[in-house]
Amino acid sequence: MRTIQFREAVCEAMSEEMRNDESVYLMGEEVAEYNGAYKASKGMLDEFGPERVIDTPIAELGFAGIGVGSAMNGNRPIIEFMTFNFSLVGIDQIINNAAKMRQMSGGQFNIPIVFRGPTASAGQLGATHSQAFESWYANTPGLKVVVPSNPYDAKGLLKSAIRDNDPVIFMESEQMYGDKGEVPEEEYTIPLGKADIKREGEDVTIVSFGKIIKEAYKAAEILAKDHGVSVEIIDLRTVRPLDYDMIIESIKKTNRMVILEEAWPFGNVSTEITYRVQQDAFDFLDAPIVKINTADTPAPYSPVLLKEWLPNHEDVIKAVKKVMYID
């Protein structure tokens, strides 16, 4: 094992797959000459050249569409958005072309394409640059949605996403690119659709994904130390397909659940999980499910308001105490 940054894990995954398969290439804004807006493609232009690491104009609609057409013709493009907030400009190509082409062509075309880049808030970037679109894309049949939370998962999941024959939305975080973690020397992949238990516990299950899961880790340590509460933490890793089986099995053990998601509270991933758990594991619940989301407003720019808007470990502790009936 060796310790690398999140950005390096992303770069290694793309580079390894490009060495293994000449149909894989990277395209997006500043991915080549600048080594990536977040240095996640550092050195790739030098190794693979401008025909496989391609800088684009600021035109998401254009290069998203080019990527879809390229995938229809046998390539495996990786399309990088500088942020998924900018993917809204090309969302028609993603939802009406990439997600639907296999069905609408009667199975004649697969679309093996990865759309990747940062999601959710990243500090004081304002309301239009601080949005989480996981549930938007997960709501679309035909798309797979992956949201890793650490370098190990990022590399293994991205390699699987690039090899997948369906379009994959691969969502990262600007605030995680510098995070460090252990990654094996040897090649590995992580299957899409399989969650991971990051911390074993007996009293309550916390389900989360992406960078916000760090707040669950903080809360679990405090709850164990101050209240003797044993917390089980499940990292979804893949939002669609979602590993309901692992969640249900955990609920059967702990009988209580808190869901932590950095997203607006209406109609999100945690809402869907809540429905499925009450449908399939209602008799195992000893308390109502509590879900923790951002405030139901656009993200504020003010640092004071942003702190209140974004969920934190204190919110998680309160939620766990609520389902545990601890005063």
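Here goes a summary of the coordinates provided. Numbering of residues starts from 1 in every chain and runs along the sequence as written. Selection of residues for local features in this predicted model requires a pLDDT of at least 70, selection of side-chain atom pairs for listing and counting requires 80 or more, and totals for whole chains, interfaces and linings are taken over all residues. Hydrogens are left out, water is left out, and the side-chain values use all remaining heavy atoms of the structure.

## Regarding the environment of arginine 102
(1) Moving on: Secondary structure elements are taken from DSSP: a helix is a run of H or I of four residues or more, a strand is a run of E of two residues or more, and numbering for both begins at the N terminus. Locating arginine 102 in the fold gives a position in helix α5 (residues 101–104).
(2) Moving on: Relative accessible area serves as the criterion here: at 44%, arginine 102 is assigned to the partly exposed category.
(3) Moving on: As a C-alpha pair, arginine 102 and alanine 295 span 193 residues in sequence and 37 Å in three-dimensional space. Burial classes follow relative accessibility: with a 1.4 Å probe on protein chains only, a residue under 20% of its type's maximum area counts as buried, one over 50% as exposed, and anything between as partly exposed.

## So, the pattern of salt bridges
(1) Moving on: The rule for a salt bridge is simple: a side-chain nitrogen of Lys or Arg has to be within 4 Å of a carboxyl oxygen of Asp or Glu. Scanning all chains against the criterion turns up 28 salt bridges.
(2) Moving on: The partner of lysine 155 in a salt bridge is glutamate 12, with the nearest N and O atoms 2.8 Å apart. Residue lysine 155 is found in helix α7 (residues 151–163), and its partner glutamate 12 is found in helix α1 (residues 6–20); the two are separated by 143 residues along the sequence.
(3) Moving on: By relative accessible area, which is 0% here, lysine 155 ends up buried.
(4) Moving on: With a shortest N-O distance of 3.2 Å, lysine 159 and glutamate 187 are connected by a salt bridge. Of this pair, lysine 159 sits in helix α7 while glutamate 187 sits in the loop between β8 (180–183) and β9 (196–199), and the two are 28 residues apart along the sequence.
(5) Moving on: On the basis of relative accessible area, lysine 159 is assigned to the buried category, the value being 0%.

## What about the sheet that holds strand β6 (residues 144–146)?
(1) Moving on: Pairing is mixed across the open sheet formed by seven strands, whose spatial order is β3-β2-β4-β5-β7-β6-β12. The sheet terminates laterally at β3 (53–55) and β12 (238–240), the two strands that pair on one side only. Put simply, the sheet's adjacent strands are angled 20° from each other on average, direction ignored.
(2) Moving on: Here a strand pair is declared whenever DSSP counts at least two bridges between the two strands. Sheet analysis places β6 next to strand β7 (residues 168–172), joined by three bridges and oriented parallel. Counted as the bridge partner of valine 146 is phenylalanine 170 from β7. A fitted line through C-alpha atoms represents every axis, and for helices the fit uses only the stretch in contact; the resulting angles, taken between N-to-C directions, go from 0 to 180 degrees.

## Here we look at unusual backbone geometry
(1) Moving on: Residue proline 241 is bonded to the preceding arginine 240 through a cis peptide linkage, with omega at 0°.
(2) Moving on: On the secondary structure map, proline 241 appears in the loop between β12 and α9 (244–254).
(3) Moving on: Positive phi is not limited to glycine here, since lysine 39 has a value of about 60°.
(4) Moving on: Inspection of the secondary structure puts lysine 39 in the loop between β2 (24–28) and α2 (44–48).

## So, the pairing of strand β11 (residues 231–235)
(1) Moving on: Of all five residues in β11, five are buried, a share of seventy percent or more.
(2) Moving on: Burial of the side chains of β11 extends over both faces: Val231, Ile233 and Asp235 are buried on one face and Glu232 and Ile234 on the other.
(3) Moving on: In this structure, β9 lies alongside β11, joined through three bridges in antiparallel fashion. Bridging across to β11, arginine 199 finds its partner in isoleucine 233.
(4) Moving on: Direction of pairing for strand β10 (residues 204–208) relative to β11: parallel, over a ladder of five bridges. From the neighbouring strand, serine 208 faces β11, where its bridge partner is aspartate 235.
(5) Moving on: Note on handedness: a crossover is taken as right-handed if, strands pointing away from the viewer, the path from the first strand over the helix to the second is clockwise. Each parallel crossover has a hand, and for β10 linked through helix α8 (residues 213–227) to β11 it is right-handed.

## Some points on the pairing of strand β4 (residues 76–80)
(1) Moving on: When you tally the buried positions in β4, you get five out of five residues, the bulk of the element.
(2) Moving on: Here β4 shows two buried faces, one formed by Arg76, Ile78 and Glu80 and the other by Pro77 and Ile79.
(3) Moving on: Note: β2 against β4, five bridges, orientation parallel. For tyrosine 25, the partnering residue across the bridge sits in β4 and is proline 77.
(4) Moving on: The pairing of β4 with strand β5 (residues 114–118) spans three bridges and is classified as parallel. Directly across from glutamate 80, in β5, lies its bridge partner arginine 116.

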